[in-house]
Amino acid sequence: MNQLFRISALLAFLAVGVFQAQAQTVVIVNASVPSSTFSVEEVMDVYTLNKTHWDNGARVTVFDLKEGQAKRAFYEYIGMTEDDLQRIWLRKQFTGRARPPHSLSNETELVERVGKTPGGIGYASESAVRGKKNVRIIARLKGAP
Amino acid sequence: MRRLALVIALASGLFLPVTGSAQDGETSLFGSLQTVFFNQKSRLTYGKLQPWGGTEYREERSTFAVQQFDIFLQKPIGESFNAFVDLEYQLNYASDRRWGSLSLQEAWLNYTPMDELSLKVGMLYPAFNNLNEIKNRLALLPYIFRPGPYERLLRDVFLSEDYLPEQAFIQLYGAIPHGDVFWDYAFYVGNASASYISRRGEDGLPENDLNRNFEFLTGVDPTEFNMKLFGGRLGIRAREESFKAGVSLTHDYDNLRDTTRFPPIYDGIRTPLIGDAARVRIGADCSGSIGDVRFESEVIRVLYDHGPAEDRDIELDQLFYYTMLGYSFTDRLFLYGSFQAGRDIFDVTSRHRTITAGAAYRLSDDITAKAQYIVYQNELEHGSHVDELMIRFVFLGFSIVL
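Being a predicted model, the structure only gives us computed values, none of them experimental. (Residues numbered from 1 in each chain as written. Chains lettered and ligands numbered in written order. Predicted model: local features only at pLDDT ≥ 70, side-chain atom pairs only at ≥ 80, totals over all residues. Heavy atoms only, no water.)

Chemist: What is the right way to look at the overall build of chain B in this model?
Modeler: In terms of regular secondary structure, chain B is built from 5 helices and 19 strands. Residue burial in chain B is summarised as follows: out of 402 residues, 50% are buried. Accessible surface for chain B amounts to roughly 19,100 Å². Of this, 59% is attributable to carbon and sulfur atoms. (Helix = DSSP H or I, 4+ residues; strand = E, 2+ residues; numbered from the N terminus. Buried < 20%, exposed > 50% of the residue type's maximum accessible area, 1.4 Å probe, protein only. Areas by Shrake-Rupley, 256 points an atom, 1.4 Å probe, with all protein chains shown as cover.)

Okay, structure coming up:
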């Protein structure tokens, strides 16, 4: 019985690991955004609100998640902490230079909003993006689970 | 809050509809509020170096105050335009009791055809060093009591306009990415000093005007174009915004015709200097963070070119500098110390030093509790005779993002 419990626990642990390994986080944009691939620096410029227009002149609309694994992976990817970004966003908002990102509670809503917003950009687990129209993956997070 | 927003929007006539949480293309309304309590202990010593130790006067006072309340309205218009307004209330503002003040600090339209180039037109805070553009955004600062020229409570002591270009009207600016950094640039033009702006006195006649015969408008700058403010800033900024530095330069004129700005004690010495003194402000700034350590420094040098002052060997130049070093002990707690000092020489050499220690504790994303202890010392040298003013402040307050 004890051995059976150990085997079950091991299998459960492996299953969680496999599931997490499959939860690849991706950066997505609305289909209207002209560029097809982005470097990590360009994505960082968007999230630090230094890049506010796409190459076709359309305004960038940034979406962010309130919490979750995808958010942690994304912030690690761009090399910023939540505090860093909050401070930058507040400064840019209070000086009228840019609006802070729309902060959403879940990935499904984020993918939907990016799909409906011309110039929209966000991030989510690849599984949440699969099969969605009007969004395009522009980066897969290297090293992220 | 929505009702307040609506009233403001109707009053401004510019921003409809207003929403607290902005959707794209709609006007967003937000703001900040800082409410404080402070205790002030002052000691004024006349003749500090005299054999009898001088004559001392002491005073203590305490007050509660809404130090500052700012309301911001922002509206993106189309893909490239953006409008912004900043209304500011100060010091327990009450119009019926004539306390405090209400003022329009900024009102501008921004045009950004590309990220590397923007044009701002309207009343705006120009780019000068690090703090000038955010000098009244108290929610962005750990301080309650800002560095000297930036602190509104010290406006009469520092005559902020001597050190800072307070407002401009057209600014061309942008940030050019280059490897791991951005090169920031800004060039602007604005009115001459606020003291030139025409206004009417109690007798109904224009005050401080260059030529009363031609005055028919009040609230405008009657100077010629060559007397306007011209300035700019060139800077470098890390792409992830952990570091920035820059140099700033402005040229304008100081209105020494306007004697109402100075206490009567200066009348005697100022009388032969009446005129327009060419003024150059040179600034340098450096700020950033390394891990949990944050730092911020600025230097401002103000140089005057005024014949009558040179003829009488009177130096008008001024200097101010400050530096702050702080450490984030946790995500919420930030402790810092700062030192600031400066000097100006007019009829007497005035040296001032300020040492502060402070803490900012973030209670939530929108509320920060702040505390600051300040020692301000000002020495006035009249030859061998030295007067000293020493003030100790204890500030406690809350900064709230609305």
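Chemist: I'm lost on the sheet that holds strand 2 (residues 61-65) of chain A in this one. Help?
Modeler: In a beta sheet, neighbouring strands pair by backbone hydrogen bonds and run either parallel or antiparallel. Residue and element names in this part refer to chain A. Within the open sheet, the 5 strands sit side by side as 3-2-4-1-5. Their pairing is mixed. A single partner strand is all that each edge strand has here, and the edge strands are strand 3 (102-104) and strand 5 (135-140). Here the strands of the sheet are splayed against their neighbours by 30° on average, with no regard to which way each runs. Pairing of strand 1 (residues 25-30) with strand 4 (residues 120-125), which is carried by 5 bridges, proceeds in the antiparallel orientation. Note on strand 4: the bridge partner recorded for Thr25 is Ser125. (Pairing = 2+ DSSP bridges. Axes fitted to C-alpha atoms, helices over the stretch in contact; angles between N-to-C directions.)

Chemist: Got a minute to help me understand the nonpolar core in this structure?
Modeler: Most often, soluble globular proteins keep nonpolar side chains buried together rather than apart. In this structure, Phe94 of chain A together with Tyr163, Ile300, Leu316, Phe393 and Phe395 of chain B are the most contacted members of the largest nonpolar core, which totals 47 residues. Sorting the residues of this core by element identifies strand 2 (27-46), strand 3 (55-77), strand 14 (293-305), strand 15 (318-328), strand 16 (333-345), strand 18 (367-382) and strand 19 (385-401) of chain B as the ones contributing at least two each. Of all the elements, strand 19 of chain B adds the most residues to this core, at 4 residues. Apart from residues lying up to four places away in sequence, Phe393 of chain B is in contact with Phe38, Asn39, Gln40, Phe145, Gln372, Tyr373 and Ile374 of chain B. (Core = buried A, V, L, I, M, F, W, Y, C linked by side-chain atoms within 4.5 Å. Contact = heavy atoms within 4.5 Å.)

Chemist: I tried to follow the interface of chain A and chain B on my own but got confused; where do I start?
Modeler: Quoted interface sizes are often the accessible area lost when the parts come together. At the junction of the two partners, chain A supplies 29 residues and chain B supplies 41 residues. Here chain A meets chain B over a buried area of about 2,900 Å², counting both sides, of which 45% is carbon and sulfur. Residue Asp45 of chain A is joined to Arg239 of chain B by a salt bridge in which the shortest nitrogen-to-oxygen separation is 2.6 Å. For the pair chain A and chain B, the interface holds 19 residue pairs in polar contact (both at pLDDT 80 or more). Counting residues per element, the ones that place at least two in the side of chain A that touches chain B are helix 2 (40-47) and helix 4 (82-94) of chain A. When residues of the side of chain A that touches chain B are assigned to their parent elements, the largest contribution, 8 residues, is made by helix 4 of chain A. (Buried area = accessible area lost by both parts, 1.4 Å probe. Salt bridge = Lys/Arg side-chain N within 4 Å of Asp/Glu carboxyl O. Polar contact = N/O pair within 3.5 Å; in protein donor to acceptor, adjacent residues only side chain to side chain.)

Chemist: Would you explain the packing of helix 3 (residues 69-78) of chain A against helix 4 of chain A in this entry?
Modeler: Helices that pack against each other are described as a pair by the angle of their axes relative to one another and the distance between those axes. Residues and elements named next belong to chain A. Running from N to C, helix 3 and helix 4 point in directions that differ by 75°, and their axes come no closer than 10 Å. One finds that helix 3 runs roughly perpendicular with respect to helix 4. Residues Lys71, Tyr75 and Ile78 of helix 3 lie in contact with helix 4, whose contacting residues are Glu82, Leu85 and Trp89. Considering only residue class, the contact of helix 3 with helix 4 consists of 4 nonpolar, no polar and 2 charged. (Parallel < 35°, antiparallel > 145°, perpendicular 65-115°, else oblique. Nonpolar A, V, L, I, M, F, W, Y, C, P; charged D, E, K, R; others polar.)

Chemist: Just checking my understanding: could you explain the packing of helix 2 of chain A against helix 3 of chain A for this structure?
Modeler: Residues and elements named next belong to chain A. Running from amino to carboxyl end, helix 2 crosses helix 3 at an angle of 110°, the nearest separation of the two axes being 9 Å. As summarised for this structure, helix 2 and helix 3 are arranged roughly perpendicular, according to the angle between their axes. From helix 2, Val40, Val43, Met44 and Tyr47 reach across to helix 3, where they touch Phe74, Tyr77 and Ile78. Residue classes in the contact of helix 2 with helix 3 are distributed as 7 nonpolar, no polar and no charged.

Chemist: What should I look at first to understand the packing of aromatic side chains in this one?
Modeler: Pairs of aromatic rings are described using the distance from one ring centre to the other and the angle between the two planes. Under the definition given, this model contains 29 aromatic pairs over all chains. Centre to centre, the rings of Tyr46 of chain B and Tyr57 of chain B are 5.9 Å apart; their planes meet at 80°, and the pair counts as edge-to-face. Of this pair, Tyr46 of chain B sits in strand 2 while Tyr57 of chain B sits in strand 3, and the two are 11 residues apart along the sequence. Site record: aromatic cluster; members linked through ring pairs are Tyr47, Phe74, Tyr75, Tyr77 and Tyr123 of chain A. (Phe/Tyr/Trp six-rings, centres within 6.5 Å; stacked < 30°, edge-to-face > 60°.)

Chemist: Help me out: how do you make sense of the pattern of salt bridges in this one?
Modeler: Any two side chains of opposite charge can pair if their charged atoms end up close together. In this structure the tally under the stated criterion is 25 salt bridges over all chains. With a shortest N-O distance of 3.7 Å, Lys51 of chain A and Asp55 of chain A are connected by a salt bridge. On the basis of relative accessible area, Asp55 of chain A is assigned to the exposed category, the value being 61%. Between Asp221 of chain B and Lys228 of chain B there is a salt bridge, with the nearest N and O atoms lying 2.8 Å from each other.

Chemist: Honestly, unusual backbone geometry in this entry has me stumped. Any pointers?
Modeler: Residues other than glycine predominantly adopt negative phi, and peptide bonds predominantly adopt the trans conformation. One non-glycine residue, Asn134 of chain A, lies in positive phi territory at about 70°. Among the secondary structure elements, Asn134 of chain A is positioned in the loop between helix 6 (126-129) and strand 5. Even without glycine at this site, Asn92 of chain B takes up a positive phi of about 50°. One can find Asn92 of chain B in strand 4 (residues 81-94). Overall, the relative accessible area of 33% leaves Asn92 of chain B in the partly exposed class.

Chemist: When you look at a nonpolar patch on the surface in this model, what are you seeing that I'm missing?
Modeler: Residue and element names in this part refer to chain B. Together, Ile77, Phe81, Leu109, Tyr111, Leu119, Val121, Phe169, Ile170, Leu172, Phe187, Leu234 and Val247 line one region of the surface with nonpolar side chains, adding up to about 970 Å² of accessible area. Those elements that provide at least two residues to the nonpolar patch are strand 5 (99-114), strand 6 (117-124) and strand 7 (168-178). The biggest single contributor to the nonpolar patch is strand 7, with 3 residues. Within the secondary structure, Val247 sits in strand 12 (residues 243-255). (Patch = residues over 30% accessible without salt bridge, like charges linked within 9 Å, V, L, I, M, F, W, Y side chains within 5 Å.)

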